[in-house]
Amino acid sequence: MKDRPYKKFVLFFMAAIMMVTIFSPSSLVYGAPVERSIYDDVTEISDKSTILSRGNYLNYGAVTLTKLDSMKIRISGETAAHRVCDTLVVDLYLYRSKDGERYENYRDWSFKKQNGSYFWKVLEVIVPSGYYYAIGGNHMAFYNGDGESTTTFAAGLWVN
């Protein structure tokens, strides 16, 4: 029974140290805000939207944005269907932002493929440096006048 109060004291002491460490003001960062995000060294971002409940036609859509150099990026979009469809569509939307939070439309493209079950489109684009870029996509599959669609979006690629 003698070691029991000692164990309670040690546990209480360790819990107190953890609370002080977690909630102490010294753990907060003060000063000027960081100008760039933690993702500045990332060279590729992507998003994939898979239809969770199997659709009649559309399987998934995906977009990718890759930084090639200081003024060139590669964008790609793909649409996949469960069966051969009359038309597959990949719409790509390129956005840019100075702060990485408020994006504005920069450019967009629309591509169609007739009679297929998979469509992939890749573009290399010259862009101004000093911006964050995002890629959005709209993916559609049409069969006998009926269609399904999904959207994708990936943001935060810094091009310097």
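Residues numbered from 1 in each chain as written. Predicted model: local features only at pLDDT ≥ 70, side-chain atom pairs only at ≥ 80, totals over all residues. Heavy atoms only, no water.

For this particular structure, what's the right way to read the overall build of the protein?
Within the protein one finds one helix and six strands. Reading the protein from its N end, one meets helices and strands in the order α-β-β-β-β-β-β. Counting over 160 residues, the protein shows a buried share of 37%. In the protein, once contacts between residues fewer than 6 apart in sequence are set aside, the share between residues at least 24 apart is 62%. For the protein, the exposed surface amounts to about 10500 Å²; the carbon and sulfur share of it is 56%. (Helix = DSSP H or I, 4+ residues; strand = E, 2+ residues; numbered from the N terminus. Buried < 20%, exposed > 50% of the residue type's maximum accessible area, 1.4 Å probe, protein only. Contact = heavy atoms within 4.5 Å. Areas by Shrake-Rupley, 256 points an atom, 1.4 Å probe, with all protein chains shown as cover.)

Looking at this structure, how should I read the packing of aromatic side chains?
Ring pairs (aromatic) are described by centroid distance and by the angle formed between their planes. Considering all chains together, one arrives at five aromatic pairs under this definition. Connected via pairs of aromatic rings, a cluster forms that spans Tyr106, Tyr131 and Tyr133. In this structure, Lys98 packs its charged tip against the face of Tyr131, placed 4.5 Å from the ring centre. (Phe/Tyr/Trp six-rings, centres within 6.5 Å; stacked < 30°, edge-to-face > 60°. Lys NZ or Arg CZ within 6 Å of the ring centre and 35° of its normal.)

How should the nonpolar core be read in this particular structure?
Counting residues in hydrophobic clusters, the biggest one holds 26 residues, and the most contacted among them are Leu65, Ile73, Ile75, Leu92, Leu94, Trp109 and Val125. The contacts of Ile75, once residues within four sequence positions are left out, are Thr64, Leu65, Leu92, Leu94, Trp109, Lys121, Val122, Leu123, Val125 and Ile135. (Core = buried A, V, L, I, M, F, W, Y, C linked by side-chain atoms within 4.5 Å.)

What exactly am I supposed to notice about the environment of Ser129 here?
Following the sequence through the fold, Ser129 ends up in the loop between β4 (104-126) and β5 (131-143). The partly exposed category is assigned to Ser129, whose relative accessible area is 36%. Separated by 59 residues in the primary sequence, Ser129 and Ser70 have C-alpha atoms spaced 6.2 Å apart. Residues in contact with Ser129, not counting those within four places in the same chain, are Ser70, Met71, Val159 and Asn160.

Which parts of the structure should I look at to understand the pairing of strand β6 (residues 146-159)?
Successive side chains on a regular strand alternate, one facing one side of the sheet and the next facing the other. Pairing geometry for β5 and β6, over 13 bridges, is antiparallel. Looking across to β6, one finds that Tyr143 is bridged to Asp146. Counting the residues in the hairpin turn of β5 and β6 gives two residues, including Asn144, whose phi is positive at 50 degrees. (Pairing = 2+ DSSP bridges.)

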